[in-house]
Amino acid sequence: MLDFSDLSVVDAHCHPYRRADNLSADEWVNAVSFGGGSPEYLQAGGIEVDAAAQAMLQRVKRDTLYFRYMLRRMAEFFQVEATVDAVVAARNRAIKDNGYGVYAQGLHQAGKIETLIVDDGHPLPQVDLRRFRAQVGVEVLPVFRIEALIQQLLDEDSAWPEFQRAYDEGIAMALSDGGYVGLKSIIAYRTGLDIDPRSRSADQGMVALEKIRRARGRSGDAIKNLRDHLFCRAIELCIDFDAPFQVHTGMGDWEVHLDACRPALLMELLRYPAYRACKFLLVHTGYPYHAEAGYIANALPNIWCDLSEGLPFAGNAGARIIAEVLEMAPLSRVCYGSDTYGSPEPFYTSALLGKQALAQAMQQLINDGFMSEAQAREAAKMILSDNARELYDAS
Amino acid sequence: MLDFSDLSVVDAHCHPYRRADNLSADEWVNAVSFGGGSPEYLQAGGIEVDAAAQAMLQRVKRDTLYFRYMLRRMAEFFQVEATVDAVVAARNRAIKDNGYGVYAQGLHQAGKIETLIVDDGHPLPQVDLRRFRAQVGVEVLPVFRIEALIQQLLDEDSAWPEFQRAYDEGIAMALSDGGYVGLKSIIAYRTGLDIDPRSRSADQGMVALEKIRRARGRSGDAIKNLRDHLFCRAIELCIDFDAPFQVHTGMGDWEVHLDACRPALLMELLRYPAYRACKFLLVHTGYPYHAEAGYIANALPNIWCDLSEGLPFAGNAGARIIAEVLEMAPLSRVCYGSDTYGSPEPFYTSALLGKQALAQAMQQLINDGFMSEAQAREAAKMILSDNARELYDAS
Amino acid sequence: MLDFSDLSVVDAHCHPYRRADNLSADEWVNAVSFGGGSPEYLQAGGIEVDAAAQAMLQRVKRDTLYFRYMLRRMAEFFQVEATVDAVVAARNRAIKDNGYGVYAQGLHQAGKIETLIVDDGHPLPQVDLRRFRAQVGVEVLPVFRIEALIQQLLDEDSAWPEFQRAYDEGIAMALSDGGYVGLKSIIAYRTGLDIDPRSRSADQGMVALEKIRRARGRSGDAIKNLRDHLFCRAIELCIDFDAPFQVHTGMGDWEVHLDACRPALLMELLRYPAYRACKFLLVHTGYPYHAEAGYIANALPNIWCDLSEGLPFAGNAGARIIAEVLEMAPLSRVCYGSDTYGSPEPFYTSALLGKQALAQAMQQLINDGFMSEAQAREAAKMILSDNARELYDAS
């Protein structure tokens, strides 16, 4: 079996996290689990969240394959029994004995993680990146989430000329002095990926914003028209600054538009002549619609696929996602990512899982006559770090 | 290789069947095959159904992997050659020699099938469940198909107050004295899964029904509005009675809305605050869109996935469906089911196939470090029976 | 492992190609690669196509698994190093030494390819089929692409009576004296697969054409209505002539309607009573939505699935596509195809890949108890040639 454990990793999409020294078992499970129905979610449905409901929520989180894998790898790391209580106790003790920074850095180093490309739009309030950098001890390069800026400008209730100026300046500042290496959009959570490419007209932004400001809730499609315009404008700015644009595609907790998150919906926009110079990273490679993302990365020249979220949150899906994305996507267009957050443990176990899944996928390709073992190792290196370094110009 | 053949089975979704002692080869093939283009289907297209057309239809049914597997397992059961003629002759002889009940019970016992959760809305006219129970000799728990009640009420042409009262009472009766353990909807066959959650307003039901009754065929969206309302009302009644709601998702013979049967279309409804207390079973786990169902079962707290139809009718798909549903769905949220009907043979061979597919999927998870062999066996037990018993409170 | 290398092949969907004796490495890569973002594509987006852009485009084409496989098999064929330069030099030399015809025929023979069913609507201008036949030395049976005729009639700007007469006559001529063995449509590239079955009314054609001719660009849905009508009319003519209808489904370079190319969208049309006598070949079996095509081939009696495009252009997808289509599609309803073009090399390597993928898929079916080794070989023979011969009545 191939072994890529010595290869270094650039995590092309993840989130910063806050120091948390001492967690209860339930708190830790919540912190590292994929975002789903929480106690608050049930309460908003008028459901009493008693001990039974709490136990049910904990149970389903612990019953996912993602969690099982993560727990077993952490138990091996600490050399303790593979139970939540044993692992959490070992984690809290390690932090107490050695300090949080030593613990976090140790896990990132154990996974050979050299660089984190972080979307600091989650969690809110934003994590202080200087403090996070000091904690994790690896290179941290942020991307700028346009929806955070849009929300701020909507809250300020400016008229269009000021809104437009502040939006452009906010992005320009982020991509120059701000140290951000690219943009990120979660429009799939807001108004969906079926963006009309003609929305780049500033007139559309102006009319939509005026409707939103005046219509007292009867603004119809105005918010979609505004977001579509600002998305298209962000593409233009990415081209100006030669910065990549991360776009969330595919599933994403319970709030995403599940009927408007498919990469296929982006196709008309991505091939629009005015946007062809922009480099797009299809975040989560659209899982479970990842074949669509792979296809687009073949048919259009400036599309990258990020493997995060499916890896590690879809548990056993890793080798399948990699194999299926590579059906069409060029080997130079696929990047490892994790979408992890909350605590250092899943960053480490996601890197383990990614390397294991990559080894399985590549072994099959060798067996089936697609490449030699040396080429498979070279491809793994590209996917684990080189492709992302090239995309973010971060070598 | 893991072996789950000793584990008992709850079939979370299937249909009752009628006694048929002596079948010709063609009749048996029709009885146990997945519903597709029949002679009647061709005739409705103005096609002469001569001997050549009959032979063609038989051939394609016999050329499916589902049928090949079922035939081979039954040949092994009877210790005869794996041909249709030999198996049908052995079947008819066994019934003649031992009686229908002994034969049917023998097959259910051979598959370790302890409980059948049956949707008695198919076939029509309805099978007498007392007689069916006596024949199969295992626990039979029915679910109540709301579309049968809706059709009856439409046929009676009552005004809204009476329609509304009769609908509520019909469901309440079914879930209390009627002995039904849950509801079932096939709205994916009628008006599609894109149900507006706000349809629960009784006003919508009243206006829609009045349009249907008065519009002489020009009722526009009225039938969809009515069905959407009655679906939402059924959810409320399920909450009141603490009964699960089975919803058909994914493919289903030639009549389903193939463009409106995806689990993703249900997401907005399933997360609607008013419905969060209802337990939903996504029947057929939306095959081949089963990754969507698995995802929803992770992101929302009260969603179960039923493996039926894909297992056994999609032949070799079993291990793939299980592995892909488990990418996101918690192990405690997936239930074995078969969707079988017509004759006892496919109930038995579906259980064999399900256990085989589960063993393959679980072995891969062990190999990939997700769980121990003991945990895999525990998970198999949950999927084969415990999860369904818990959902239906049928322990 | 099973070995099907001795089995002969009918390629159920491919394209004719032109003689090209001496190609540079870059020219050859372009000629045999899947259609994607070309220099012209970038230029149309206002992007300067300098040496760096050219190198980038070449690199991503060479970094696909399809290309890697093809290159390695050709290197083995020529017994040279697996580099583009070595393989292209060997190819050019073989043509120079032996002549183009001998080279091309040698590759088709090496792949045991006996018959090519070609869509001569690509490339344009059309390849002379008599010359192509002489070059490749195998049976060549063309299908008639209706969009070529439609474009010609639109260019002639005839009124409806003449348009209608010429359309019917053009198809009738093609299917009788013209030697075409079926029709082909790429409506998925034009107005999408969501075709209203009621479009067969000639009135719809007339009204739509008049709108197109008079509306000076403001014709709204007229072009869709016209294409839908002509598609339905083509079905009727296929029934009259007992000829199969090839319909592009699934992905297809950067121009296809990625949101309107799914086989599921065809379901309502395919089951419409007036069209039930027509034999449809779902070209590319809708990859990556191939499970939908397999399902339709099970639920309706006259649907065939063609494996082309996914095989070979989706690289490692072959065994997966075959296994997943066969989950529902009868073994007698699946046909090998390649969708290859441009030069003889990919025709040969696609046949190798197809046989390898088929052997893998069939071996798994044997292992899992679905069939015997003899039955697997028989099924492979059906998929590689018999099913297509039966469909095209070309035995």
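What counts as what
- Residues numbered from 1 in each chain as written.
- Chains lettered and ligands numbered in written order.
- Predicted model: local features only at pLDDT ≥ 70, side-chain atom pairs only at ≥ 80, totals over all residues.
- Heavy atoms only, no water.
- Helix = DSSP H or I, 4+ residues; strand = E, 2+ residues; numbered from the N terminus.
- Rg over C-alpha atoms; globule rule 2.2 N^0.38 Å.
- Contact = heavy atoms within 4.5 Å.
- Areas by Shrake-Rupley, 256 points an atom, 1.4 Å probe, with all protein chains shown as cover.
- Lys, Arg positive; Asp, Glu negative; His and termini not counted.
- Charge placed at Lys NZ, Arg CZ, Asp CG, Glu CD.
- Salt bridge = Lys/Arg side-chain N within 4 Å of Asp/Glu carboxyl O.
- Buried < 20%, exposed > 50% of the residue type's maximum accessible area, 1.4 Å probe, protein only.
- Phe/Tyr/Trp six-rings, centres within 6.5 Å; stacked < 30°, edge-to-face > 60°.
- Lys NZ or Arg CZ within 6 Å of the ring centre and 35° of its normal.
- Least-squares fit on C-alpha atoms with pLDDT ≥ 70 in both.
- Domains from an automatic or database assignment.
- Buried area = accessible area lost by both parts, 1.4 Å probe.
- Pairing = 2+ DSSP bridges.
- Right-handed = clockwise from strand over helix to strand, strands pointing away.
- Arc of directions from axis to C-beta.
- Axes fitted to C-alpha atoms, helices over the stretch in contact; angles between N-to-C directions.
- Polar contact = N/O pair within 3.5 Å; in protein donor to acceptor, adjacent residues only side chain to side chain.
- Nonpolar A, V, L, I, M, F, W, Y, C, P; charged D, E, K, R; others polar.
- Left-handed = near helix turned anticlockwise from the far one by under 90°.

Chemist: Sorry, what's going on with the overall build of chain A here?
Modeler: When helices and strands are tallied, chain A shows 18 helices and nine strands. Over its C-alpha atoms chain A spans a radius of gyration of 21 Å, differing by no more than 12% from the 21 Å that the globule rule assigns to 395 residues. Across chain A, contacts joining residues at least 24 apart in sequence account for 79% of those joining residues at least 6 apart. Entry remark: accessible area of chain A is about 13,900 Å², with carbon and sulfur atoms responsible for 47%. Side-chain charges in chain A split into 39 positive and 53 negative, and the spacing between the mean points of these groups amounts to 1 Å.

Chemist: What should I look at first to understand the pattern of salt bridges in this one?
Modeler: For side chains of opposite charge, pairing can occur when their charged atoms come near one another. All names here are of chain B. Following the criterion strictly, the structure yields 84 salt bridges over all chains and no others. Between E139 and R389 there is a salt bridge, with the nearest N and O atoms lying 3.7 Å from each other. Here the residue E139 occupies a position in strand β3 (residues 139–145), and R389 occupies one in helix α18 (residues 373–392), the gap between them amounting to 250 residues. Linking E236 and R200 is a salt bridge whose minimum nitrogen-to-oxygen distance equals 3.4 Å. Pair noted here: E236 is in helix α12 (residues 222–241) and R200 is in the loop between α10 (187–190) and α11 (202–214), with a separation of 36 residues, a long-range link. Judged by its relative accessible area of 18%, E236 falls in the buried class.

Chemist: What exactly am I supposed to notice about the packing of aromatic side chains here?
Modeler: We describe a pair of aromatic rings using the distance from one ring centre to the other and the angle between the two ring planes. Taken as a whole and assessed by the stated rule, the structure comprises 51 aromatic pairs over all chains. When the centroid spacing of 6.2 Å and the interplanar angle of 10 degrees are considered together, the rings of F78(C) and Y103(C) count as stacked. Here F78(C), found in helix α4 (residues 65–78), pairs with Y103(C), found in helix α6 (residues 100–110); they are 25 residues apart in sequence, far enough to count as distant. Feature note: the residues F34(A), Y66(A), F313(A), Y341(A) and Y295(B) constitute an aromatic cluster, connected by ring pairs. The ring centre of W254(A) lies 5.4 Å from the NZ or CZ of R276(B), which sits over that ring. Of note, R262(C) hangs over the ring of Y289(C), and the distance from its end group to the ring centre comes to 4.4 Å.

Chemist: Would you mind showing me how to read the relation of the copies chain B and chain C here?
Modeler: Both copies of the chain are related through a single rotation about an axis accompanied by a shift along the same axis. Superposing chain B onto chain C takes a rotation of 120 degrees plus a shift of 0.0 Å along the axis, which leaves an RMSD of 0.0 Å. Put plainly, the chains are arranged around a three-fold axis. Relative to the rotation axis, the C-alpha of Y289(B) is the closest in chain B, positioned 5.8 Å from it. Mapped onto chain C, only 2% of the interface residues of chain B are again interface residues, and the two copies thus contact each other with different surfaces.

Chemist: It is not clear to me how the domain arrangement of chain A should be interpreted in this structure. Could you clarify?
Modeler: In many reports, interface size means the accessible area that the parts give up when they come together. All names here are of chain A. Here chain A is described as being made up of domain 1 (25–98) and domain 2 (112–392). Look at where the C-alpha atoms of domain 1 and domain 2 centre, and you get two points 28 Å apart. Counting residues at the interface gives 16 residues for domain 1, matched by 18 residues for domain 2. Counting each side, the surface lost to burial between domain 1 and domain 2 is near 1,500 Å², with a carbon and sulfur contribution of 71%. Taken together, the connections running from domain 1 to domain 2 amount to one salt bridge. Note that R91 and E345 form a salt bridge whose closest N and O atoms lie 2.7 Å from each other.

Chemist: What's the story with the pairing of strand β3 (residues 139–145) of chain A in this structure? I'm lost.
Modeler: Successive side chains on a regular strand alternate, one facing one side of the sheet and the next facing the other. Residue and element names in this part refer to chain A. In terms of burial, β3 is a largely internal element, six of the seven residues being buried. In this sheet, β3 lies alongside strand β2 (residues 113–119) in parallel orientation, the contact comprising five bridges. Its bridge partner being in β3, T115 is matched across the sheet by E139. The parallel pair β2 and β3 is bridged by helix α7 (residues 129–136), and the resulting crossover is right-handed. Of the pairings in the sheet, the one linking β3 to strand β4 (residues 183–185) comprises two bridges and is parallel in character.

Chemist: Looking at this structure, I do not really get the environment of C278(A). What am I missing?
Modeler: Looking at the secondary structure, you find C278(A) in the loop between α13 (267–270) and β6 (280–283). Along the primary structure C278(A) and M74(A) are separated by 204 residues, whereas in three dimensions their C-alpha atoms are 40 Å apart.

Chemist: Looking at this model, I keep getting lost on helix α6 (residues 100–110) of chain B. Mind explaining?
Modeler: Each turn of an α-helix holds 3.6 residues, which means side chains three or four residues apart point in the same direction. Residues and elements named next belong to chain B. Within α6, burial applies to Y100, Y103, A104, L107 and H108. An end-on view of α6 places all buried positions within 130 degrees of arc, on one side of the element. Every exposed residue of α6 that faces more than 90 degrees away from the buried side is listed here: V102 and Q109. As for α6, its buried residues are in contact with α4 (65–78), α5 (84–98), β2 (113–119), α7 (129–136) and α17 (344–367). Just past α6, the residue K112 takes up positive phi, approximately 60 degrees.

Chemist: Explanation requested: the sheet that holds strand β5 (residues 245–248) of chain B in the structure shown.
Modeler: Sheet strands line up and pair through hydrogen bonds in the backbone, either parallel or antiparallel. Residue and element names in this part refer to chain B. Strand order in the open sheet made by the eight strands is β1-β2-β3-β4-β5-β6-β7-β9, with parallel pairing throughout. Lying at the two open borders of the sheet, with one neighbouring strand each, are β1 (9–14) and β9 (334–335). With two bridges joining them, strand β7 (residues 303–306) and β9 adopt parallel strand pairing. By the bridge assignment, D306 is partnered in β9 with C335. Running at roughly 45 degrees to β3, helix α8 (residues 146–156) makes contact with β3, β4 (183–185) and β5 of the sheet.

Chemist: Is there a simple way to think about the interface of chain A and chain B in this case?
Modeler: At the junction of the two partners, chain A supplies 40 residues and chain B supplies 37 residues. A combined buried area of about 3,400 Å² lies between chain A and chain B, and 55% of that area is made up of carbon and sulfur atoms. A salt bridge links R59(A) to E390(B); its shortest N-O distance comes to 3.0 Å. Counting every contact that joins chain A to chain B gives 17 residue pairs in polar contact (both at pLDDT 80 or more). Every element with two or more residues in the side of chain A that touches chain B is listed here: α2 (39–43), α3 (51–62), α4 (65–78) and α17 (344–367) of chain A. When residues in the side of chain A that touches chain B are grouped by element, the largest group, five residues, is from α4(A). Considering only residue class, the side of chain A that touches chain B consists of 21 nonpolar, nine polar and 10 charged.

Chemist: Would you mind going over unusual backbone geometry with me for this structure?
Modeler: What you tend to see is this: most non-glycine residues have negative phi, and most peptide bonds are trans. The residue after Y287(A), namely P288(A), is reached through a cis peptide bond having omega 0 degrees. Here P288(A) is to be found in the loop between β6 and α14 (290–299). Here the residue pair L124(C) and P125(C) is connected by a cis peptide bond, since its omega of -10 degrees sits within 30 degrees of zero. Inspection of the secondary structure puts P125(C) in the loop between β2 (113–119) and α7 (129–136). Not every positive phi belongs to a glycine, and D242(A) is a case in point at roughly 50 degrees.

Chemist: How should I be thinking about the side chain of S158(A) in this particular structure?
Modeler: All names here are of chain A. Relative to the assigned elements, S158 resides in the loop between α8 (146–156) and α9 (160–175). In this structure S158 comes out as buried when scored by relative accessible area, which is 13%. Apart from the residues within four sequence positions on either side, S158 is in contact with L153, F163, L209 and R213.

Chemist: Would you take a moment to explain the side chain of S338(B) for this structure?
Modeler: Mapped onto the fold, S338(B) is located in the loop between β9 and α17. Under the relative-accessibility criterion, S338(B) is labelled buried at 0%.

Chemist: Is there a simple way to think about the packing of helix α1 (residues 25–32) of chain B against α4(B) in this case?
Modeler: Each pair of packed helices can be summarised by the angle the axes make with each other and by the distance between the axes. Residue and element names in this part refer to chain B. Close contact between α1 and α4 brings their axes to 11 Å; oriented N to C, the two are set at 115 degrees. Of the two possible hands of crossing, α1 and α4 adopt the one that is right-handed. For the pair α1 and α4, contact is made by W28, V29 and V32 and by Y66, F67, M70 and L71, respectively. Class assignment of the residues belonging to the contact of α1 with α4 gives a composition of seven nonpolar, no polar and no charged.

Chemist: I'm lost on the sheet that holds β2(C) in this one. Help?
Modeler: Residue and element names in this part refer to chain C. In space, the eight strands of this open sheet follow the order β1-β2-β3-β4-β5-β6-β7-β9, with parallel pairing throughout. With partners counted over all chains shown, the strands left at the sheet margins are β1 (9–14) and β9 (334–335), one partner each. With respect to the sheet, helix α12 (residues 222–241) is in contact with β4 (183–185), β5 (245–248) and β6 (280–283), its orientation differing from that of β5 by roughly 150 degrees. Helix-sheet contacts for helix α18 (residues 373–391) involve β1, β2, β3 (139–145), β6, β7 (303–306) and β9, and the interaxial angle to β1 is about 65 degrees.

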